[in-house]
Amino acid sequence: MPDSVLNAIARAATDFNDPSFRAAYANCMNGLKSLVGTRHHLFMYTSSGHGAWEGTMSNLIARDETVLMVESGLHSDDWAILCAGVGIKVEHLRADRRCGVDVESLRATLIADREFRIKAVCVVHNETATGVMVAIPALRKAIDDSGHPALFIVDAVSSIGCSEVRMDNWRVDALIGSSQKGLMQPVGLGFTAVNEAALARHRSIDAPKGYFNWSVMLDRAQRSFSGTAPNNLLFGLSEALRLMQEEGLSNLYERHRRLARGVRAAVRAWSGDGGPQEYCLDADRASDSVTAILMPEGWDAEPLRALLRQRFNVLLASGLGDLFSRTFRIGHMGDLNEAMVLGVLSCIELGMRALGVPHSPGGVAAALDAFAANTRHQRR
Ligand SMILES: *Cc1c(COP(=O)(O)O)cnc(C)c1O
């Protein structure tokens, strides 16, 4: 999180009619829409990503209707559990978690659903647990080719702000995001961008009338939120969006891609001699937000994480779900640069030496090579 974002958050709360708050609110609404590539409406909630899932699903899918959940990892599992919890039936499209879904299997599943029982296809764009990112246009094409009318609902929580997201161009009907990943905020602001087809479906079903009710939000002056908006988060987000615009979106995504490539070059070098490996097996689907790393057979990731935390103040993300001790993750999203990535990679290499974890040396050197190929002298 950039200092200027932290400073923007650290201020006294204002009234929601205060001009400074209104301006920040408008910046967030317009900036988010432009960042995710939509002209349509966007609903915001004071919530985590789980809240944004619930808000989206309960507004679009009635009780006992069915959705197709495309398997990706812990987040598709948890999203499915949440759907079931609010009374939605879930059909699972199975996938190899180290490669991501087979596009043809999505097309075939939809063709087989002749009665159109499936009301929505739910996909996690970037699976934060595995570091596998699927191409949304290819999945959209599979839905189109099947002739199926299901809505297309995409969780872009950990791709927004790191990789290109073009909701309208990709014809996504509802796009889910949350503040605490590439948007460089604390947790607490969830949102859904919703096109006309999705809004029409919302109006046609008997949706629950609680906290997340979009119809009630549309009647409010702000056309979003139930109750008080998270004032300080919106000041922070407004500043973060300003920074992203200042950097330029193509530079922002190129920086994430460059840093991710450096991380992957290091892991590939380490993987010799029975060392740790990239969890993602499809190089074309490797995430630019996060890399999940599979420990060598028989080695637990936790001692390495503990050593880095205690000795070097470096926090590696843990594996998620059943990958907890089998993997660790390097987050490379948000406000970071080569120096920070190289620091983390160096400490991992040092930690593996200290603990005797099998690996081929030279990961840091491989990252330097990757960065050197992409370092031009730039005046800012
Ligand atoms: C973080 C994350 C979420 C939401 O998680 P919360 O902890 O509920 O905010 C949802 N989907 C993906 C892909 C995520 O990375």
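None of these values were measured; they are calculated from a predicted model.

### Things to note about the packing of aromatic side chains
Link 1 in the chain: Per the stated rule, a full pass over the model turns up seven aromatic pairs.
Link 2 in the chain: Measuring from ring centre to ring centre gives 4.8 Å for F43 and W214, while their planes differ by 5°; the resulting arrangement is stacked. Highlighted residues: F43 in strand β1 (residues 41-46) and W214 in helix α8 (residues 214-218), separated in sequence by 171 residues.
Link 3 in the chain: Relative to F212, the ring of Y45 lies with its centre 5.1 Å away and its plane at 80°, an arrangement referred to as edge-to-face. Here Y45 is found in strand β1, whereas its partner F212 is found in the loop between α7 (196-204) and α8, with 167 residues between them in sequence. F212 matches Y45 in its accessibility class, with the two residues each being buried.

### Concerning the environment of A207
Link 1 in the chain: Summarising the element assignment, A207 is placed in the loop between α7 and α8.
Link 2 in the chain: On the basis of relative accessibility, which here comes to 5%, the residue A207 falls in the buried class.
Link 3 in the chain: Put simply, A207 and N7 are 200 residues apart on the chain and 39 Å apart in space, counted from C-alpha to C-alpha.
Link 4 in the chain: When residues no more than four places from it in sequence are discounted, the contact partners of A207 are S58, N59 and H202.

### As for the site of the ligand
Link 1 in the chain: In the region of the ligand, 13 residues are neighbours, and H50, T128, D155, Q180 and K181 sit closest.
Link 2 in the chain: Contact distances for the ligand include 3.2 Å between an oxygen atom and a side-chain N or O atom of S48.
Link 3 in the chain: Within the backbone of G49, one N or O atom sits 2.7 Å away from an oxygen atom of the ligand.
Link 4 in the chain: Contact with the protein chains covers 88% of the free accessible surface of the ligand, which is 380 Å².

### Notes on the pairing of β1
Link 1 in the chain: Within β1, five of the six residues are buried, leaving the element largely enclosed by the surrounding structure.
Link 2 in the chain: Bridge count for β1 against strand β9 (residues 189-194) is six bridges, and the pairing is antiparallel. Paired with M44 across the bridge in β9 is F191.

### Looking at the packing of helix α5 (residues 103-112) against helix α6 (residues 136-146)
Any two packed helices are characterised by how steeply their axes cross, that is the angle between the axes, and by the distance between the axes.
Link 1 in the chain: The geometry of α5 relative to α6 is characterised by a closest axis approach of 8 Å and an angle of 30° between their N-to-C directions. The angle between the axes of α5 and α6 places the two elements in the roughly parallel class. Pair α5 / α6 crosses with right-handed handedness. Seen from α5, the contacting residues are V103, L106, R107, L110 and I111; seen from α6, they are A138, L139, A142, I143, D145 and S146.

### Some words on the pattern of salt bridges
Link 1 in the chain: Tallied over the full model, the rule gives 21 salt bridges.
Link 2 in the chain: Between E91 and R117 there is a salt bridge whose closest N-O contact spans 3.1 Å. With E91 in strand β3 (residues 89-93) and R117 in the loop between α5 and β4 (118-124), this residue pair connects regions lying 26 residues apart in the sequence.
Link 3 in the chain: Under the relative-accessibility criterion, E91 is labelled partly exposed at 25%.

### Concerning helix α11 (residues 302-312)
Link 1 in the chain: Within α11, the full set of buried residues consists of E302, L304, R305, A306 and L308.
Link 2 in the chain: Turning to α11, the residues buried within the fold contact β12 (317-318), β13 (327-331) and α12 (338-355).
Link 3 in the chain: N313 sits one or two positions beyond α11 and adopts a positive phi of about 60°.

### Re the domain arrangement of the protein chain
Link 1 in the chain: If you check the domain split of the protein chain, you get domain 1 (3-247) and domain 2 (249-379).
Link 2 in the chain: Here the C-alpha centre of domain 2 lies 28 Å away from the C-alpha centre of domain 1.
Link 3 in the chain: Counting the surface lost from both domain 1 and domain 2, the interface buries some 2,400 Å², and carbon and sulfur atoms represent 56% of this.
Link 4 in the chain: Broken down residue by residue, the surface that domain 1 buries against domain 2 is led by R98, C162 and E247, which jointly contribute 31%.
Link 5 in the chain: Summed over the shared surface of domain 1 and domain 2, the number is one salt bridge.

### Some words on empty space enclosed by the protein
Link 1 in the chain: In this structure the tally under the stated criterion is two cavities of 30 Å³ or more.
Link 2 in the chain: Here the largest cavity is characterised by a volume of approximately 50 Å³.
Link 3 in the chain: Around the largest cavity, the lining residues are V70, E71, S72, G100, V101, V123, V124, V132 and V134.
Link 4 in the chain: When grouped by side-chain class, the residues that make up the lining of the largest cavity number six nonpolar, two polar and one charged.
Link 5 in the chain: The volume enclosed by the second largest cavity comes to roughly 40 Å³.

### Topic: the sheet that holds β13
Link 1 in the chain: As summarised here, the arrangement of the four strands in space is β10-β11-β13-β12, forming an open sheet in which the pairing is antiparallel. Taken across any chain shown, the strands that pair with only one partner, and hence form the sheet edges, are β10 (277-278) and β12.
Link 2 in the chain: Direction of pairing for strand β11 (residues 290-294) relative to β13: antiparallel, over a ladder of five bridges. In the sheet register, V290 faces β13, and the bridge partner there is G331.

What counts, and at which threshold
- Residues numbered from 1 in each chain as written.
- Predicted model: local features only at pLDDT ≥ 70, side-chain atom pairs only at ≥ 80, totals over all residues.
- Heavy atoms only, no water.
- Phe/Tyr/Trp six-rings, centres within 6.5 Å; stacked < 30°, edge-to-face > 60°.
- Helix = DSSP H or I, 4+ residues; strand = E, 2+ residues; numbered from the N terminus.
- Buried < 20%, exposed > 50% of the residue type's maximum accessible area, 1.4 Å probe, protein only.
- Contact = heavy atoms within 4.5 Å.
- Near = heavy atom within 4 Å.
- Polar contact = N/O pair within 3.5 Å; in protein donor to acceptor, adjacent residues only side chain to side chain.
- Areas by Shrake-Rupley, 256 points an atom, 1.4 Å probe, with all protein chains shown as cover.
- Pairing = 2+ DSSP bridges.
- Axes fitted to C-alpha atoms, helices over the stretch in contact; angles between N-to-C directions.
- Parallel < 35°, antiparallel > 145°, perpendicular 65-115°, else oblique.
- Left-handed = near helix turned anticlockwise from the far one by under 90°.
- Salt bridge = Lys/Arg side-chain N within 4 Å of Asp/Glu carboxyl O.
- Domains from an automatic or database assignment.
- Buried area = accessible area lost by both parts, 1.4 Å probe.
- 1 Å grid on protein atoms, 1.4 Å probe; cavity = no way out; pocket = protein on both sides within 12 Å on 5 of 7 lines; lining within 4 Å.
- Points joined across faces, edges and corners; volume = space filled by probe spheres on them.
- Nonpolar A, V, L, I, M, F, W, Y, C, P; charged D, E, K, R; others polar.

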